[in-house]
Amino acid sequence: MGLTCGIVGLPNVGKSTLFSAISSNKAEAANYPFCTIEPNVGIVTVPDERLNILAEFVKPNRILPTVIEFTDIAGLVKGASQGAGLGNKFLANIREVDAIIHVVRCFEDDNIIHVEGRVNPVSDKEIIDMELQLKDLESVDKKISKIERAAKAGDAKAKQELTALLLFKSTLEAGKSARTVDMDADLRETSIGDLCLLTDKPVIYVANVDENSLSTGGNIFVDQLKSSVSAENAEVIIVCAAIEAQIAEIEDLDERAMFLSEYGLEESGLSKLIKSSYSLLNLITYFTAGVQEVRAWTIQKGWKAPQAAGVIHTDFERGFIRAEVIKMADYQAYKSEAACKEAGKLNVEGKDYVVHDGDIMHFRFNV
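All of these numbers come straight from a predicted model, not from anything done at the bench.

How each quantity is defined
- Residues numbered from 1 in each chain as written.
- Predicted model: local features only at pLDDT ≥ 70, side-chain atom pairs only at ≥ 80, totals over all residues.
- Heavy atoms only, no water.
- Buried < 20%, exposed > 50% of the residue type's maximum accessible area, 1.4 Å probe, protein only.
- Helix = DSSP H or I, 4+ residues; strand = E, 2+ residues; numbered from the N terminus.
- Pairing = 2+ DSSP bridges.
- Salt bridge = Lys/Arg side-chain N within 4 Å of Asp/Glu carboxyl O.
- Core = buried A, V, L, I, M, F, W, Y, C linked by side-chain atoms within 4.5 Å.
- Contact = heavy atoms within 4.5 Å.
- Patch = residues over 30% accessible without salt bridge, like charges linked within 9 Å, V, L, I, M, F, W, Y side chains within 5 Å.
- Areas by Shrake-Rupley, 256 points an atom, 1.4 Å probe, with all protein chains shown as cover.
- Lys, Arg positive; Asp, Glu negative; His and termini not counted.
- Charge placed at Lys NZ, Arg CZ, Asp CG, Glu CD.
- Phe/Tyr/Trp six-rings, centres within 6.5 Å; stacked < 30°, edge-to-face > 60°.
- Axes fitted to C-alpha atoms, helices over the stretch in contact; angles between N-to-C directions.

A. Region of the structure containing the pairing of strand 9 (residues 293-300). Within strand 9, six of the eight residues are buried, which leaves the element mostly enclosed by the surrounding structure. Taking the residues between adjacent antiparallel strands as the criterion, strand 8 (residues 283-289) and strand 9 are bridged by three residues.

B. Layout of the pattern of salt bridges. This structure, assessed with the given rule, holds 19 salt bridges. The salt bridge partner of K15 is D72, with a shortest N-O separation of 3.2 Å. Of this pair, K15 sits in helix 1 (residues 15-22) while D72 sits in strand 4 (residues 67-72), and the two are 57 residues apart along the sequence. Where K142 meets E138, a salt bridge forms, and the shortest distance between an N and an O atom there is 3.7 Å.

C. Representation of the nonpolar core in the model. Within the largest apolar cluster, 56 residues are counted, with the highest numbers of intra-cluster contacts made by I68, F70, I101, C106 and L225. Among all residues touching I101, those that are not within four sequence positions of it are C5, G6, I7, V8, F70, I204, V206, L273 and S277. Listed in part, the 18 residues of the second largest apolar core include V140, F168, I192 and L197.

D. Fine view of a negative patch on the surface. Taken together, the side chains of E251, D252, D254 and E255 make up a negatively charged region of the molecular surface. Secondary-structure assignment places D254 in helix 10 (residues 253-262).

E. Region of the structure containing the packing of aromatic side chains. Taken as a whole and assessed by the stated rule, the structure comprises five aromatic pairs. With centroids separated by 6.3 Å and ring planes inclined at 20°, the aromatic side chains of F57 and Y331 adopt a geometry described as stacked. One end of the pair, F57, is in helix 2 (residues 49-58); the other, Y331, is in helix 14 (residues 328-334), and 274 residues separate them in sequence. On the basis of relative accessible area, F57 is assigned to the partly exposed category, the value being 25%.

F. Quick peek at the sheet that holds strand 2 (residues 40-45). Taking strand neighbours across the sheet as the criterion, the six strands line up as 2-4-1-5-6-7 in an open arrangement whose pairing is mixed. Looking at the sheet topology across the chains shown, the edges are occupied by strand 2 and strand 7 (236-239). When the angles between neighbouring strand axes are averaged without regard to direction, this sheet yields 25°. In this structure, strand 1 (residues 3-8) lies alongside strand 4, joined through five bridges in parallel fashion. Paired with C5 across the bridge in strand 4 is F70. Lying over the sheet, helix 4 (residues 121-152) contacts strand 5 (99-105) and strand 6 (203-208), oriented at roughly 145° with respect to strand 5.

Take it as geometry only, folks, not as evidence of what the structure does.
Pasting the structure below:
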């Protein structure tokens, strides 16, 4: 399964600079709104030391990490929900992603124009929230109009859906996002699953700071942003997009580590963003290991073996017989699949086996 994250924010907050830093594709970063006219898409490999560990033992012909797709979406302005700026085009692009990376400007620089004329991270966040909420409210109202008649006629399912939709409507009208509604998962899917509400998508806030604030772990703007999102149970990641751009240019891993240490960092902002994205979307990684390739596969936490097999090929799930599973710690201890099997560390699992992060798996199937 592919993970897609949309990078959003007001113009000139640093999102295109961040995108350019984390992707091999270079988005145009210019000092004016709408410099990113079409959404830029970059494929970023997910760093995972476990791949290197397996490759050391297996000596495969190739190593294939899992990837995240980042989409840099054109800057948003007030009135986008009504078509201002790139308006509806922007909003349509957001509907296609799994999660939103909301970049917020938390730095002062007289040379970089702020579209609203001042640096205010809370207000910036609220502008985008409001535009997304207004668009979602439009979608909810349309569906309410469609099912009201059936609900009034006594249709039990329609009544239940209408009650749920009215809750989402009142939440959005109160200036809150759809993700804040606490509701049974099945009812949520039935009522709004087909709407792909923008504010129901999980979000990570990226506080884009200057170099000095990165070294000190934040600033007053970051504090304001954290306070404003505290009720959302959302994570705020501190990043300096300018520094990330420099890190991206360093290919030697030792040099990169030295560069990070100069700023008191153990990892790049990209690494933190990837880890947070996986955690946010409840994703884990399992591995397949053979002479042809050692490969990482991304799945939902809680998936059973047949579902995990289906990520490789639908035939694997359809004709699933069993899974042969080795734990990463055992592979490291015994250094080969044969040695693990001889030591009794290769487990044969059936259809009800729940896959764990780091499992090394081989599937048996018949179609």
